[in-house]
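Observations on the three-dimensional arrangement
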Amino acid sequence: MNIRSNTKTLVGLGLLTAIVVVLQAFALGIKFGIFTISLVLAPIIIGAALYGWIAGAWLGLVFSIVVLLTDAGAFLAVNVPGTIITVVCKGVVAGIVAGLVYSAVSKKNKTLAVILAGIAAPVANTGIFVIGCIIFFLDTIRGWGEASGYDNAFAFLFVGMIGINFFIELVINLALSATIVQIIGIAKKSDI
């Protein structure tokens with residue numbers, strides 16, 4: 001990699017980092033259920049596709065830091081280390097998975113690669129959130145569920161906490177897939 005290529009990568013990642021911060025801050029006002037939806041998965045997918053899984057991990061980390069600073073208060077009040085581990089892992093792994101899936105499939109079909117990365121990112125993000133909730137917060141979730149009229153902690157976790165948000169995030173990524181493919185194509189043609 002030459003200096004020009006490094007500079008373009010740094011600038012591209014800088015722009016995507018700013019977009020992640022702005023989109024996550026904007027998303028604070030959009031709630032379906034308890035949590036805000038993650039609008040930042042699209043720029044994470046774009047970064048992971050353009051610059052690789054390490055860039056995806058970086059953008060996922062930035063997303064995680066913004067979530068910790070703005071939207072994780074209820075969990076931080078219960079278990080600070082568990083919240084940090086869960087939030088950081090879910091963001092970073094979503095970026096890594098998006099990058100690896102895109103890289104594996106893009107050699108055969110770029111559109112399919114974006115669609116599969118667009119599915120993999122929210123699945124990884126939500127899946128790790130669920131695992132973190134079970135490991136660190138199950139008693140708390142059980143209490144929140146009972147207060148919300150759920151008899152079962154898992155029903156509250158899957159229906160009350162993540163159900164609608166996950167599907168909205170997935171639909172947004174799939175709806176943006178064609179646009180993401182175009183952005184990646186333009187960026188690669190101009191050697192960004």
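Details of the structure are given in the entry above.
Structure report, in brief.

About the criteria used
Residues numbered from 1 in each chain as written. Predicted model: local features only at pLDDT ≥ 70, side-chain atom pairs only at ≥ 80, totals over all residues. Heavy atoms only, no water. Phe/Tyr/Trp six-rings, centres within 6.5 Å; stacked < 30°, edge-to-face > 60°. Helix = DSSP H or I, 4+ residues; strand = E, 2+ residues; numbered from the N terminus. Buried < 20%, exposed > 50% of the residue type's maximum accessible area, 1.4 Å probe, protein only. Core = buried A, V, L, I, M, F, W, Y, C linked by side-chain atoms within 4.5 Å. Contact = heavy atoms within 4.5 Å. Arc of directions from axis to C-beta. Polar contact = N/O pair within 3.5 Å; in protein donor to acceptor, adjacent residues only side chain to side chain. Expected span 1.5 Å × (residues − 1). Axes fitted to C-alpha atoms, helices over the stretch in contact; angles between N-to-C directions. Parallel < 35°, antiparallel > 145°, perpendicular 65-115°, else oblique. Nonpolar A, V, L, I, M, F, W, Y, C, P; charged D, E, K, R; others polar.

1. Here we look at the packing of aromatic side chains
- This model, assessed by the stated rule, comprises six aromatic pairs.
- Relative to tryptophan 144, the ring of phenylalanine 75 lies with its centre 5.3 Å away and its plane at 75 degrees, an arrangement referred to as edge-to-face. You can see phenylalanine 75 sitting in helix H4 (residues 73-76) and its partner tryptophan 144 sitting in helix H7 (residues 138-147), a full 69 residues away along the chain.
- The class for phenylalanine 75 is buried, based on a relative accessible area of 7%.

2. Considerations on the nonpolar core
- In this structure, Val20, Ile44, Tyr102, Ile180 and Ile184 are the most contacted members of the largest nonpolar core, which totals 33 residues.
- If you list the elements that add at least two residues to this core, you get helix H1 (3-27), helix H2 (41-51), helix H3 (53-70), helix H5 (80-106), helix H6 (110-136) and helix H10 (177-189).
- Sorting elements by how many residues they give to this core places H2 first, with nine residues.
- With residues near it in sequence (within four places) discarded, isoleucine 184 still touches Ala49, Leu50, Tyr102 and Val114.

3. Looking at helix H8 (residues 153-161)
- The set of residues buried in H8 consists of Ala153, Phe156, Leu157, Gly160 and Met161. Each buried residue of H8 sits inside an arc of 115 degrees when the element is viewed along its axis, so together they form one side.
- Measuring from the backbone nitrogen of phenylalanine 154 back to the side-chain oxygen at the start of H8 gives 2.6 Å, which picks out asparagine 152 as the cap.

4. Notes on helix H9 (residues 163-175)
- Here H9 is 13 residues long and its end C-alpha atoms lie 18 Å apart, about the 18 Å a rise of 1.5 Å per residue gives.
- If you check which residues of H9 are buried, you get Gly163, Asn165, Phe166, Glu169, Leu170 and Asn173.

5. Quick look at the packing of H7 against H8
- The interhelical angle for the contact between H7 and H8, taken along N-to-C directions, is 75 degrees, at an axis separation of 8 Å. The angle between H7 and H8 places the two elements in the roughly perpendicular class. Residue-level inspection shows Leu138, Ile141, Arg142, Trp144 and Gly145 of H7 in contact with H8, the latter providing Ala153, Phe154, Phe156, Leu157 and Met161.
- Here the residues of the contact of H7 with H8 sort into eight nonpolar, one polar and one charged.

The quantities given are spatial measurements derived from coordinates; they are silent on function.
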